[in-house]
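Structural features, examined
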Amino acid sequence: MTAISLSQLLALYTWFVLAAILAFLMLIARFYEKFSNARTYYRLFLMPILLFGAAAVRYASIDRVAHDPYADLLTASGGAFLALLCLYLYYRMMSGRRVL
């Protein structure tokens, strides 16, 4: 049995916290789609969760927190995909509303 280092534990722990936050955001998008009849593609929020999870597993498996090209690419693509989804959801929810 191998011991789990602190960096491995933190890499996996932060993914669980991030997954919970993204799941909550997915539920908001689902709620808005259900009651506004506007398509929000809430199921696509699973993709950043999976990409960040794969990066966390990669970081934990090599026992490093940064400077791994594969995990960095997974994290960057998950972040870019999440940013696009959040922007789409924002514009979908705020279209037709005046902001002061």
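To start, this report covers the structure provided alongside it. Note that this is a predicted model, so its numbers are computed, not measured. Numbers given for residues are sequential positions, taken from 1 along each chain in its written order. Whole-chain, interface and lining totals are the exception, using all residues; otherwise, since this is a predicted model, local features are given only for residues with pLDDT of at least 70 and side-chain atom pairs are given and counted only at 80 or more. Here the side-chain values reflect all heavy atoms present in the structure, with hydrogen atoms and water set aside.

A side chain with one charge may pair with a side chain of the opposite charge, provided their charged atoms come close. Any carboxyl oxygen of Asp or Glu within 4 Å of a side-chain nitrogen of Lys or Arg constitutes a salt bridge here. Across all of its chains, the model carries two salt bridges by this definition. Among the ionic pairs, Arg 39 bridges to Glu 33, the shortest N-O distance being 3.9 Å. Working definition: with a 1.4 Å probe on protein chains only, accessible area under 20% of the residue-type maximum means buried, over 50% means exposed, and in between means partly exposed. Of the residues examined, Arg 39 reaches a relative accessible area of 44% and is grouped as partly exposed. Here Glu 33 falls in the buried class, since its relative accessible area comes to 17%. Taking the shortest distance from any N to any O, the salt bridge between Asp 68 and Arg 58 comes out at 2.7 Å. Remark: Arg 58 occurs in helix 2 (residues 46-62) and Asp 68 occurs in the loop between helix 2 and helix 3 (69-94); sequence separation between them is 10 residues. A relative accessible area of 6% means that Asp 68 is categorised as buried. A run of H or I in DSSP becomes a helix once it reaches four residues, and a run of E becomes a strand once it reaches two; helices and strands are each numbered from the N terminus.

What follows covers the packing of aromatic side chains. Stacked, tilted and edge-to-face pairs are distinguished by plane angle, under 30 degrees for stacked and over 60 for edge-to-face with tilted covering the rest, among Phe, Tyr and Trp rings (Trp via its six-membered ring) whose centres lie within 6.5 Å. The final tally for this structure, using the stated rule, is four aromatic pairs. When the ring of Phe 31 is compared with that of Phe 35, the centres are 4.7 Å apart and the planes differ by 55°; the resulting orientation is tilted. Taken together, the positions of Phe 31 and Phe 35, both in helix 1 (residues 6-36) and four residues apart, correspond to about one turn of that helix. In this structure Phe 31 comes out as exposed when scored by relative accessible area, which is 53%. Taking the relative accessible area as the measure of exposure, Phe 35 reaches 58% and is therefore exposed.

As a further point, take the side chain of Thr 40. Along the chain, Thr 40 turns up in the loop between helix 1 and helix 2. With a relative accessible area of 1%, Thr 40 lands in the buried category.

Let's shift gears to a nonpolar patch on the surface. Patches here are clusters of residues that have more than 30% relative accessible area and form no salt bridge, with a 9 Å joining cutoff for like charges and a 5 Å cutoff for nonpolar side chains (Val, Leu, Ile, Met, Phe, Trp, Tyr). Note on areas: these come from Shrake-Rupley sampling with a 1.4 Å probe, and a residue is covered only by the protein chains present in the view. Where nonpolar side chains cluster on the molecular surface, the patch consists of Ile 4, Leu 6, Leu 9, Leu 10, Tyr 13, Val 17 and Ile 21 and spans about 740 Å² of accessible area. By the element assignment, Val 17 lies in helix 1. Residue classification places Val 17 among the partly exposed positions, given a relative accessible area of 36%.

All axes are obtained by fitting lines to C-alpha atoms, using only the stretch in contact for helices, and the reported angles, taken between N-to-C directions, cover 0 to 180 degrees. One way to put it is that helix 1 packs onto helix 2 with a least axis distance of 9 Å and a crossing angle of 175°. For the element pair helix 1 / helix 2, the angle class is roughly antiparallel. Counted together, Gln 8, Ala 11, Leu 12, Trp 15, Leu 18, Ala 19, Leu 22, Ala 23 and Met 26 of helix 1 and Leu 46, Pro 48, Ile 49, Phe 52, Gly 53, Ala 56, Val 57, Tyr 59 and Ala 60 of helix 2 form the full contact between these two elements. By the convention adopted, Pro, Cys, Tyr, Trp, Phe, Met, Ile, Leu, Val and Ala count as nonpolar, Lys, Arg, Asp and Glu as charged, and the other residues, Gly among them, as polar. For the contact of helix 1 with helix 2, the residue count by class is 16 nonpolar, two polar and no charged. Under this scheme an angle from 65 to 115 degrees is roughly perpendicular, one under 35 degrees roughly parallel, and one over 145 degrees roughly antiparallel; angles in between are oblique. Any two residues having at least one pair of non-hydrogen atoms within 4.5 Å are treated as being in contact.

Turning next to the packing of helix 2 against helix 3. Across the interface, helix 2 lies against helix 3 with an axial gap of 8 Å and an inter-helix angle of 160°. Between helix 2 and helix 3, the angle is such that the two are roughly antiparallel. Handedness of the crossing formed by helix 2 with helix 3: left-handed. The residues of helix 3 that touch helix 2, namely those facing Met 47, Pro 48, Leu 51, Phe 52, Ala 54, Ala 55, Arg 58 and Tyr 59, are Tyr 70, Ala 71, Asp 72, Leu 74, Thr 75, Ser 77, Gly 78, Gly 79, Phe 81, Leu 82 and Leu 85. Of the residues contributing to the contact of helix 2 with helix 3, the split by class is 13 nonpolar, four polar and two charged. Note on convention: the crossing is left-handed when the near helix lies turned anticlockwise from the far helix by less than a right angle, right-handed when the turn is clockwise.

That's the geometry; what it means functionally is another story.
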